Amino acid sequence: MELRQIRSFLSIAETLHFGRTAEMIHLSQPALSLQIRALEDEIGVRLFERNRRKTALTAAGIAFREEATGALLRLDQAVHKAKLAAKGKLGILRIGFISTAGNEIVPTIIRQFRELNAEVEFSLRNILTIDQIQMLEAGSLDIGFFRLPIGEHPGLEVVTVHREPFVLVVPSSHKLAKRKRVHLREASGQDFVMYERTYAPGFHDLIFGMLRDAGIIPNVRQTAGEMPMLISLVDSGMGVAILPASAVKRSVASVVACEIADKIPMSEIGIAVRKGNRAPVVDNFRSLALEKLRHARSVLFANRR
């Protein structure tokens, strides 16, 4: 049974006229009759009753028309979805992100992507950096957003999409709280709360390196794996912290974020995907994210000049 035979049958079932249908589908009437005869032979029943005056559907033809119409519609939908999937406009995206990326970056990109790709579904999870890396490498996560650096991971493609300054976070009652800008050496002798190295070794070592360059050996009183918890620890007076500026932006804790006058690296967020064969929807999302986030960075830079 061929698809063209079913389409021809449905066309005749609509017009009930072999000659008119043959003209509509640009086929000779004898060829059309041969298609229907072959279809009837394969099914084993007559689908049409024909005489010189009219063409009519048999009871078998009526039943076949109902099911064939539905099957053809489902087939057309399958073809449409296959084309969407090939273009990266259909599928499920499993995205991991750190909490600070989840505040603005990820929601904005997803909203923009949905406007162009309404049939894509998302699985969104707040996941620690080290866990995102492992899941990306294992293939259980499609896209990750996390703080850089992450060291050598040859199986991943990582691109920086966001840069922001580090700040020194102190309790509002701290002696440095009234200072807009401070040098790191002014925090010498202070207790520190730090991001737990196990969860993001590269990020942790970056901050330790900044303190080392400032001549500070920090007395680390407590570590944590989430920046909101670190801010709460600062609020409680347990110590001061060096964090990305956005981590404090939405906090209601009684803390102050002091600009750091030293020449230090910026804090970066990267988007990561697994190298090799990827679903088109992953590359589609990644391309849009890079385009939109690079544009946002260029606009921000232009406004600061």
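On a predicted model such as this, the values are computed, not experimentally measured, just so you know. (Residues numbered from 1 in each chain as written. Predicted model: local features only at pLDDT ≥ 70, side-chain atom pairs only at ≥ 80, totals over all residues. Heavy atoms only, no water.)

### Quick look at the overall build of the protein
Here is step 1: When its secondary structure is counted, the protein shows 11 helices and 13 strands.
Here is step 2: On C-alpha atoms alone, the protein measures out to a radius of gyration of 32 Å, which is more than a quarter above the 19 Å that the 2.2 N^0.38 rule sets for 305 residues.
Here is step 3: Judged by the C-alpha coordinates and their principal axes, the protein covers about 105 × 40 × 30 Å.
Here is step 4: Residues counted as buried form 43% of the 305 residues belonging to the protein.
Here is step 5: A total accessible area of about 16800 Å² is found for the protein, and carbon and sulfur atoms account for 51% of it.
Here is step 6: Charge separation in the protein, taken as the distance between the mean sites of 42 positive and 32 negative side-chain charges, equals 5 Å. (Helix = DSSP H or I, 4+ residues; strand = E, 2+ residues; numbered from the N terminus. Rg over C-alpha atoms; globule rule 2.2 N^0.38 Å. Buried < 20%, exposed > 50% of the residue type's maximum accessible area, 1.4 Å probe, protein only. Areas by Shrake-Rupley, 256 points an atom, 1.4 Å probe, with all protein chains shown as cover. Lys, Arg positive; Asp, Glu negative; His and termini not counted. Charge placed at Lys NZ, Arg CZ, Asp CG, Glu CD.)

### What about the sheet that holds strand β12 (residues 255-260)?
The pairing of strands in a sheet comes from backbone hydrogen bonds and takes either a parallel or an antiparallel form.
Here is step 1: The four strands lie next to each other as β8-β12-β7-β11, forming an open sheet whose pairing is mixed. One side of each edge strand has no neighbouring strand; the edge strands of this open sheet are β8 (181-182) and β11 (241-244).
Here is step 2: The pairing of β8 with β12 spans two bridges and is classified as parallel. By the bridge assignment, Arg 181 is partnered in β12 with Glu 259.
Here is step 3: Across the sheet, helix α9 (residues 227-235) lies against β7 (166-171), β11 and β12, angled at about 145° from β11, the strand it touches most. (Pairing = 2+ DSSP bridges. Contact = heavy atoms within 4.5 Å. Axes fitted to C-alpha atoms, helices over the stretch in contact; angles between N-to-C directions.)

### Digging into a nonpolar patch on the surface
Here is step 1: A contiguous nonpolar surface patch, about 230 Å² in accessible area, is contributed by Met 1, Ile 43 and Val 45.
Here is step 2: Examined against the element boundaries, Ile 43 turns out to sit in helix α3 (residues 29-43). (Patch = residues over 30% accessible without salt bridge, like charges linked within 9 Å, V, L, I, M, F, W, Y side chains within 5 Å. Salt bridge = Lys/Arg side-chain N within 4 Å of Asp/Glu carboxyl O.)

### Quick notes on the nonpolar core
Here is step 1: Phe 166, Leu 168, Phe 192, Ile 207, Ile 242 and Leu 243 are the most contacted members of the largest nonpolar core, which totals 37 residues.
Here is step 2: Put simply, the parts of the chain that give this core at least two residues each are β7, β9 (191-195), α8 (201-213), α9, β11, α10 (245-249) and β12.
Here is step 3: Residues contacting Leu 168, with those up to four places away along its chain left out, are Leu 176, Val 182, Ala 187, Val 240, Ala 241, Ile 242, Val 256, Ala 257, Cys 258 and Ile 260.
Here is step 4: Counting 36 residues, the second largest nonpolar core, distinct from the first, contains Ala 101, Leu 136, Leu 156 and Val 281. (Core = buried A, V, L, I, M, F, W, Y, C linked by side-chain atoms within 4.5 Å.)

### A short note on α9
Here is step 1: Listed as buried for α9 are Met 227, Leu 230, Ile 231, Leu 233 and Val 234. An end-on view of α9 places all buried positions within 155° of arc, on one side of the element.
Here is step 2: Gly 237, located one to two residues past α9, shows a positive phi value of around 85°. (Arc of directions from axis to C-beta.)

### Quick notes on the packing of aromatic side chains
Here is step 1: What the rule picks out here adds up to eight aromatic pairs.
Here is step 2: Between Phe 9 and Phe 64, the ring centres sit 5.1 Å apart and the planes meet at 70°, which makes this aromatic pair edge-to-face. Of the two residues, Phe 9 is situated in helix α1 (residues 3-15) and Phe 64 in helix α4 (residues 59-86); the sequence distance between them amounts to 55 residues.
Here is step 3: Aromatic pair Phe 122 and Phe 285: ring centres 6.1 Å apart, planes at 65°, arrangement edge-to-face. Of this pair, Phe 122 sits in strand β4 (residues 120-126) while Phe 285 sits in helix α11 (residues 280-304); the two residues are 163 residues apart in sequence, bridging distant segments of the chain. We note that Phe 122, like Phe 285, is buried.
Here is step 4: Three or more aromatic residues joined by ring pairs make a cluster, and in this case those are Phe 9, Phe 18, Phe 48 and Phe 64.
Here is step 5: Directly above the ring of Phe 18 sits Arg 50, whose terminal nitrogen or CZ lies 3.6 Å from the centroid. (Phe/Tyr/Trp six-rings, centres within 6.5 Å; stacked < 30°, edge-to-face > 60°. Lys NZ or Arg CZ within 6 Å of the ring centre and 35° of its normal.)

### Looking at the environment of Gly 237
Here is step 1: With respect to the helices, strands and loops of the structure, Gly 237 is situated in the loop between α9 and β11.
Here is step 2: Taking the C-alpha atoms as reference, Gly 237 lies 77 Å from Arg 65; in sequence the two are 172 residues apart.
Here is step 3: Sequence-distant contacts of Gly 237, defined by excluding residues within four places in its chain, comprise Pro 171 and Arg 221.

### Thoughts on the side chain of Thr 100
Here is step 1: The topology assignment puts Thr 100 in helix α5 (residues 99-103).
Here is step 2: A polar atom in the side chain of Thr 100 sits 3.1 Å from the side chain of Arg 147.
Here is step 3: Other than its neighbours up to four places away in sequence, Thr 100 contacts Arg 147, Met 227, Ser 246, Ala 247 and Ile 269. (Polar contact = N/O pair within 3.5 Å; in protein donor to acceptor, adjacent residues only side chain to side chain.)

### Some points on the sheet that holds strand β5 (residues 143-148)
Here is step 1: On the basis of which strands lie adjacent, the open sheet formed by five strands has the order β4-β3-β5-β13-β6 and mixed pairing. Every interior strand has two partners, whereas the edge strands, β4 and β6 (156-164), have only one. Ignoring which end each strand starts from, the neighbouring axes of this sheet average 20° apart.
Here is step 2: Bridge count for β5 against strand β13 (residues 267-274) is six bridges, and the pairing is antiparallel. Looking across to β13, one finds that Gly 144 is bridged to Ala 272.
Here is step 3: Together, β3 (91-97), β4, β5, β6 and β13 form the strand contacts of helix α7 (residues 129-138), whose direction differs from that of β5 by roughly 140°.

### Focus on the pattern of salt bridges
Here is step 1: Using the criterion set out here, one finds 17 salt bridges in the structure.
Here is step 2: Residue Glu 104 is joined to Arg 250 by a salt bridge in which the shortest nitrogen-to-oxygen separation is 3.2 Å. Placement of Glu 104 in the loop between α5 and α6 (105-116) and of Arg 250 in the loop between α10 and β12 is noted, with a sequence separation of 146 residues between them.
Here is step 3: Judged by relative accessible area, Glu 104 falls into the partly exposed class, the value being 35%.
Here is step 4: Two residues, Asp 213 and Arg 212, come together in a salt bridge whose shortest N-O distance is 3.9 Å. Grouping residues by exposure puts Asp 213 and Arg 212 together as exposed.
Here is step 5: Through salt bridges with shared partners, one network takes in Glu 157, Arg 278, Asp 283 and Arg 286.

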